[in-house]
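A closer look at the structure
What follows is each chain in one-letter form.
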Amino acid sequence: MESGPPSLPLLLLLTCLLHSYTIDTVDLTILPSGAVQSGTPVTVRCRVRVSHDNIPHLQHDFQLRLDDVPVHSSTTEDDSIAYQLPRARAADSGSYECRVTVRDKSKASFGRKLHVAGLQTPVLYLSNASPYESEEFTATCSAPEEKGPLVFRFYQMSLPGDPKKIKQPPPSGVSSETTLVLRSVGDSTLYCDYEVNLVSGARRSNRSNEIPVIVKALYISPTMNVLPFLDVFEGDVMEVVCKVVNPPKNIEVFLTKDRRVLKKAPVSLSHLFTAREGDSGTLVCKAEWGNVQKETNKTLTVKELFSKPQLTLQPKDLFEGDRLKMTCSVSIYASERIGNESMRFSIYKDGAKLTDARTYNTTAEPPTNGNYTCRAEATSLSYTDVAKESQALVVKAKVPVSEPVLSVVGGTLVLGKRFQLLCRSDNGTLPIDYTLSSPGRPAETIVVSKPGEEAVFNSSAIRQTSDLSDFLCRAANGENRRSMSVTGRRLQRLSIIEPVSVPVLTVFPGAGDVSGGQNVTLSCSVQRGSLPISFTWFHTETEGPLFFRLSQKREESYSISSIRREQAGEYYCVGDNPANETKRSLRVVIGVKMAGWKKGLIAVFVLCILLILAMILILALKRRLLQFKRRRTGELSVKSASTKAERLSLTQAEVNEAANVTPGMIGKSVWSEHPSGSGESKLTMCWAVVNHFCICIFNDIN
């Protein structure tokens, strides 16, 4: 791949690496000196010294600053620049600094101060040195050789040594033109000066040339006449004359009242009008010449010929079907001008005339609702008709309140719990006052004044349905009142829920001990409670309920078939209904005793045990007797003289023993087995029989 020419930044970098340089010094000088008089030519020179290894065409960037504000910039290969101030002014005063930048290095000089002393004296010009009082004229104050912005001020001096500043326009360049108005008649002197704001502080010029001014009086105040009088009655014809005597040219006259121009004319005017209600006030006659105005005013009072009529309604609380009467009347009239009998009245409905009388009678119905007004008229002495109209009277007959209906909020009433009652009338103009009288509490009133509002009363709990007959609701709107008594019969369509009473648990055949294997019935019943009722049976020794039943009756039962001993213990039942007030019965203890036939088996078992024990005792006694006889026979055999006699004696002993044994042992020879071994076998056989008999009895009992 071919490589292109090196980029400019790269060339600069290579140049910097190839050449070395350093800025030695930057010097700033102000010539002829740092303090000069205003108008003196001043030169601000900046010189730089740079050491380098023969860099060709080395550029120097110069920047001059006055109080840190750039005033001159230059880029050159020369090592110095000169900034010329041909005519130095006060605005050129301040601290100068020069900064030189060579490629990527920069250095600044030390600051040098320049102070230009003196300000140019301003010059004042006036467009009119003899104005009329309040006449506008133009004043110009300038200092063309200075440098702005300058703040100019204008002064008036009526007495020597007592100047007053009359205007200070906003800062501008080296000249300021403004408009002045002098309202005091007489001689005075005007002059101006200015101020320049420097970093070192504000400096003020000398005052300008003084110009004498003569303010002339302008006699244009108008004269004003009001005929026939300043105090008049309604209907009187009035004339107002306004004029200026010896007026200058281009003068205009105005007649105003309450900042409203009634008439305008040059030099003079005449205004005719008929006095009306509301014409009382200040009439102003104003003469205007240019921007100069003079005025004269007078106060006019217009008295009522008669007061504004009023339309009244009887009765004030009007209901449909009521007879109504409207009357038009005036409370005040000027008896010296008119008589009450000379006044004319008329009554209007929605702008249409109903009658030319001062009264109007009719029956209040929906078509009679509307806006009514009345009109009163009279003729003044100047034969001018004066008519006045009353304020509109809005007639809207109220709808009588209908018979109120009392109901339970939600439609369900739970006896024993607090509930809310709604008292409502289907018809009736708002506002309606609903009053509830309830047993044991003072009457309570709720005002329903907006559509959608309801009269809902909080009531305490009742214990029986018959208590509803003690509630009374009354509804009233205005003077027309209607009421009704609401009893339980009126609420028969409601769902009235009576909580269950405390249930009673009854055991059949009877509480206490019952025989094992017997059938037991647990009956749970309540005296009161709305159906359906849920019954639940519990055994304290068993986790969870034994049985549950939802019933349409107030009594239900649970049966235990062939009750066993482990089923003994405490039982109780729980009753509940939609009132959600769970009630629990008292606990009933049931004991399980043994059955009669099992008791008989136990008696037989005990008897057998006794018989077996008796047999064992007898066998033991016989064994002891046999051992005794054997020892006795041995002793006798020693003493016998012959073996035969001993054999006979032994044979006789065996015979006697055989006679005393049980029948089961008959036929066995006493010599066939050892006597002691025969007794142990008999005992073992007896215990085996007894053990088998006991197991059979216990199995039968269980």
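Residues numbered from 1 in each chain as written. Predicted model: local features only at pLDDT ≥ 70, side-chain atom pairs only at ≥ 80, totals over all residues. Heavy atoms only, no water.

Take the overall build of the protein chain next. Scanning the protein chain from terminus to terminus reveals four helices and 51 strands. Of the roughly 41000 Å² of accessible surface on the protein chain, 52% is carried by carbon and sulfur atoms. (Helix = DSSP H or I, 4+ residues; strand = E, 2+ residues; numbered from the N terminus. Areas by Shrake-Rupley, 256 points an atom, 1.4 Å probe, with all protein chains shown as cover.)

All right, on to the sheet that holds strand β19 (residues 231-233) then. As summarised here, the arrangement of the five strands in space is β19-β25-β24-β21-β22, forming an open sheet in which the pairing is mixed. One side of each edge strand has no neighbouring strand; the edge strands of this open sheet are β19 and β22 (260-266). Between one strand axis and the next, the sheet turns through 25° on average, direction left out of account. Where strand β21 (residues 252-257) and β22 come together, six bridges link them in antiparallel fashion. Counterpart to E252 in the pairing with β22 is P266. (Pairing = 2+ DSSP bridges. Axes fitted to C-alpha atoms, helices over the stretch in contact; angles between N-to-C directions.)

This part is about the pattern of salt bridges. In total, this model carries 24 salt bridges according to the counting rule given. Across the pair K388 and E234 runs a salt bridge whose closest N-O atoms are separated by 2.8 Å. Of this pair, K388 sits in strand β32 (residues 385-389) while E234 is found in the loop between β19 and β20 (237-243), placing the two residues 154 residues apart along the sequence. A relative accessible area of 6% means that K388 is categorised as buried. Take E234: its relative accessible area is 2%, and that puts it in the buried class. In this structure, R564 engages E566 in a salt bridge whose closest nitrogen and oxygen atoms are separated by 2.6 Å. On the basis of relative accessible area, R564 is assigned to the partly exposed category, the value being 44%. Bridged by salt links that share partners, the residues R153, D193, E195 and R204 form one connected network. (Salt bridge = Lys/Arg side-chain N within 4 Å of Asp/Glu carboxyl O. Buried < 20%, exposed > 50% of the residue type's maximum accessible area, 1.4 Å probe, protein only.)

Let us look at the pairing of strand β8 (residues 105-108). Relative to β8, strand β7 (residues 94-102) runs antiparallel, the two being bridged by four bridges. Residue pairing for β8: T101 is matched across the bridge by S106.

Counting through the fold element by element, S73 comes out in strand β5 (residues 69-76). Between the C-alpha atom of S73 and that of Q63, which follows or precedes it by 10 residues, the distance is 4.4 Å. In this structure, S73 is in contact with F62 and Q63, ignoring residues within four places of it in sequence. (Contact = heavy atoms within 4.5 Å.)

Now for the pairing of strand β49 (residues 569-576). Counted residue by residue, β49 has seven buried out of eight residues, so it is predominantly covered. Bridging between strand β46 (residues 533-539) and β49 involves six bridges; their strand directions are antiparallel. Note that in β49 the partner of F535 across the bridge is G575. Across three bridges, the pairing between β49 and strand β51 (residues 588-593) is antiparallel. Paired with G569 across the strands is I590, a residue of β51. Where β49 meets strand β50 (residues 583-584), two bridges bridge the pair, whose relative direction is antiparallel. Within β50, the residue paired with V574 across the bridge is R584.

Let us look at the side chain of T355. Assignment of secondary structure puts T355 in strand β29 (residues 352-355). Judged by relative accessible area, which is 18%, T355 ranks as buried. Engagement of the side chain of T355 in a polar contact is seen with the backbone nitrogen of A357, the distance being 3.2 Å. Apart from the residues lying within four places of it in its own chain, the contact partners of T355 are S346, I347 and Y360. (Polar contact = N/O pair within 3.5 Å; in protein donor to acceptor, adjacent residues only side chain to side chain.)

Mean pLDDT for the protein chain: 82, with 83% of residues reaching 70 or above. Scored below 50 in pLDDT, residues 480-492 shows 34 contacts in the model against residues more than four places distant or in partner chains. Residue range residues 641-679 is modelled with pLDDT below 50. Its contacts to residues more than four positions away, or to other chains, number 19 contacts. (pLDDT = per-residue confidence, 0-100.)

A word on the packing of aromatic side chains. Per the stated rule, a full pass over the model turns up nine aromatic pairs. With centroids separated by 6.1 Å and ring planes inclined at 35°, the aromatic side chains of W537 and Y558 adopt a geometry described as tilted. Here W537, found in strand β46, pairs with Y558, found in strand β48 (residues 555-560); they are 21 residues apart in sequence, far enough to count as distant. For the pair formed by W537 and Y558, the shared burial category is buried. Consider the rings of F538 and Y572, whose centres lie 5.1 Å apart with planes at 15°: the pair is stacked. Taken together, the residues F538 in strand β46 and Y572 in strand β49 connect sequence positions 34 residues apart. A relative accessible area of 13% means that Y572 is categorised as buried. Here the aromatic residues F535, W537, F547 and Y558 are joined through ring pairs into a cluster of three or more. The ring of Y191 carries the charged tip of R207 above its face, separated from the ring centre by 4.2 Å. Over the aromatic face of F306 sits the side chain of K388, whose NZ or CZ is 5.1 Å from the ring centroid. (Phe/Tyr/Trp six-rings, centres within 6.5 Å; stacked < 30°, edge-to-face > 60°. Lys NZ or Arg CZ within 6 Å of the ring centre and 35° of its normal.)

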